[in-house]
Amino acid sequence: MSQQNSDPTIYDGLMFVSLAAVIIGIVFLVMSLGQYGWSGPS
Amino acid sequence: MNNVVGKMLIVMQLVFSILFMCFAGAVYTFQGAWRNKAVALQSQLDGANKQVEDANTARDRETKQLNADLDAARTDRDAVRAQLEKAVTQAQTNQQLLAAASQERDKALADGEIATAEAAARVVETTAVVKERESLRKRITDLIKEIQNTEDQLLDSNGKLASAVEMEEQYLGKIGHLNDLLRLNEIDPGQQLVGIIPAEIEKVDGFVDGTTRNQARTQELIQITIGSDDKIYKDMVLTVYRKDDYICQARVVKVYPDTAICMVEEKTRNGNVQRGDNVTTKL
């Protein structure tokens with residue numbers, strides 16, 4: 001079994017930053033829809 | 001090689017995720033203003049729609065009103081047209097009456113001109129009649145004066161006649177007295193006394209002083225300028241002539257001292273006796 005390199009790189013951090021930005025954007029959109037009475041998926 | 005592509009994809013994912021987050025934040029930030037603006041626009045849209053509806057309602061109402069007014073106007077137009085036709089008919093009738101009146105007026109004017117001419121002629125005639133009346137009035141005045149003079153002369157003549165009648169009565173009384181004296185002396189008063197007739201008739205010439213005829217116009221009497229002073233006596237026959245023309249013979253019927261009255265003997269007449277003709281006792 002070959003040993004793999006498990007050290008996180010900068011790109012892994014960028015992936016998380018990207019995930020955080022997407023989540024924040026989704027939160028913003030949900031909050032915006034909430035302003036128009038959207039209650040989310042039933 | 002795969003790592004390079006994966007890295008590029010990761011970077012790109014990061015970039016787009018950040019862009020998505022920024023756009024979502026911007027939407028969340030500005031959506032209130034957008035909403036207010038949308039609400040305001042919706043409100044304006046509703047107001048505009050309401051105004052459009054009101055305008056349409058008003059237009060419909062005005063359309064109905066205008067249709068009603070149009071119907072009323074058409075009715076009025078028909079009435080006015082009927083009145084116009086009636087007025088045209090009346091105008092034609094009035095025009096005919098006017099033509100007739102014009103003819104009457106022309107006829108009246110012609111009659112008036114004729115009457116004016118006749119009036120002018122009457123005025124001229126009246127002026128002439130007035131002048132003639134004035135002359136006749138003047139002549140009447142003259143005749144009245146003449147009548148007064150004649151009446152005065154008549155009164156004088158009546159006075160003279162009364163005096164002559166009185167003298168005649170006196171002379172008749174004297175003649176009666178003389179006749180009585182003649183009868184006392186045995187002399188007939190009715191006996192004709194004839195004067196001494198000269199043995200030879202002397203030639204005495206005279207003129208005819210006037211001629212006249214008796215009342216029956218059967219005898220012509222002439223008055224001559226010689227009388228008893230010229231030895232003219234009653235029943236003496238005289239010859240009347242004019243220049244070398246013999247006219248007639250006349251017998252003395254009455255003698256006065258300086259004149260005598262003779263009667264023309266018609267059987268000897270050879271012309272008409274005129275005043276101024278010569279008279280002689282012997283040719």
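As the structure is a prediction and not an experimental result, all values here were calculated from the model.

Enquirer: Hey, could you go over the overall build of chain A for me, with residue numbers and the actual values?
Expert: Looking only at helices and strands, chain A has one helix and zero strands in total. The burial tally for chain A puts 12% of its 42 residues in the buried class.

Enquirer: Tell me about the environment of Val204(B), and please be specific about residues and values.
Expert: Residue and element names in this part refer to chain B. Within the fold, Val 204 resides in the loop between helix H1 (2-184) and strand S1 (205-213). Looking at Val 204, the number of C-beta atoms within 10 Å reads 16, which means it is partly exposed. Along the backbone, Val 204 and Lys 231 are 27 residues apart, and their C-alpha atoms lie at a distance of 8.3 Å.

Enquirer: Please provide a residue-by-residue account of the sheet that holds strand S4 (residues 245-255) of chain B, values included.
Expert: All names here are of chain B. Spatially, S1-S2-S5-S4-S3-S6 is the arrangement adopted by the six strands of the closed barrel, whose pairing is antiparallel. Looking at each pair of strands side by side, their axes are set apart by 45° on average, direction ignored. Across five bridges, S1 lies against strand S2 (residues 220-224) in antiparallel orientation. Within the sheet, the bridge partner assigned to Val 208 lies in S2 and is Ile 224.

Enquirer: Break down the nonpolar core for me, citing the residues and quoting the values.
Expert: Residue and element names in this part refer to chain B. Judged by nonpolar contacts, the single largest core of 17 residues is most densely connected at Ile 222, Ile 224, Val 240, Ala 250, Ala 260, Cys 262 and Val 273. Every element with two or more residues in this core is listed here: S2, strand S3 (237-242), S4 and strand S5 (260-264). If one sorts the elements of this core by residue count, S4 sits on top with five residues. The contact partners of Val 240, leaving out residues within four places of it in the chain, are Val 208, Ile 247, Cys 248, Ala 250, Val 273, Asp 277 and Val 279.

Enquirer: Describe the confidence of the model for chain B, with residues and values.
Expert: In this model, chain B carries an average pLDDT of 90, and 96% of its residues clear a pLDDT of 70 or more. Here the predicted complex scores 0.33 on pTM and 0.82 on ipTM.

Enquirer: Can you tell me about the interface of chain B and chain A, naming the residues and giving the values?
Expert: Tallying the contact residues gives 15 residues for chain B and 14 residues for chain A. Split by residue class, the side of chain B that touches chain A holds nine nonpolar, four polar and two charged.

Conventions used here
Residues numbered from 1 in each chain as written. Chains lettered and ligands numbered in written order. Predicted model: local features only at pLDDT ≥ 70, side-chain atom pairs only at ≥ 80, totals over all residues. Helix = DSSP H or I, 4+ residues; strand = E, 2+ residues; numbered from the N terminus. Buried ≥ 20, exposed ≤ 12 C-beta atoms within 10 Å, placed from the backbone. Pairing = 2+ DSSP bridges. Axes fitted to C-alpha atoms, helices over the stretch in contact; angles between N-to-C directions. Core = buried A, V, L, I, M, F, W, Y, C linked by C-beta atoms within 7 Å. Contact = placed C-beta atoms within 7 Å. pLDDT = per-residue confidence, 0-100. Nonpolar A, V, L, I, M, F, W, Y, C, P; charged D, E, K, R; others polar.

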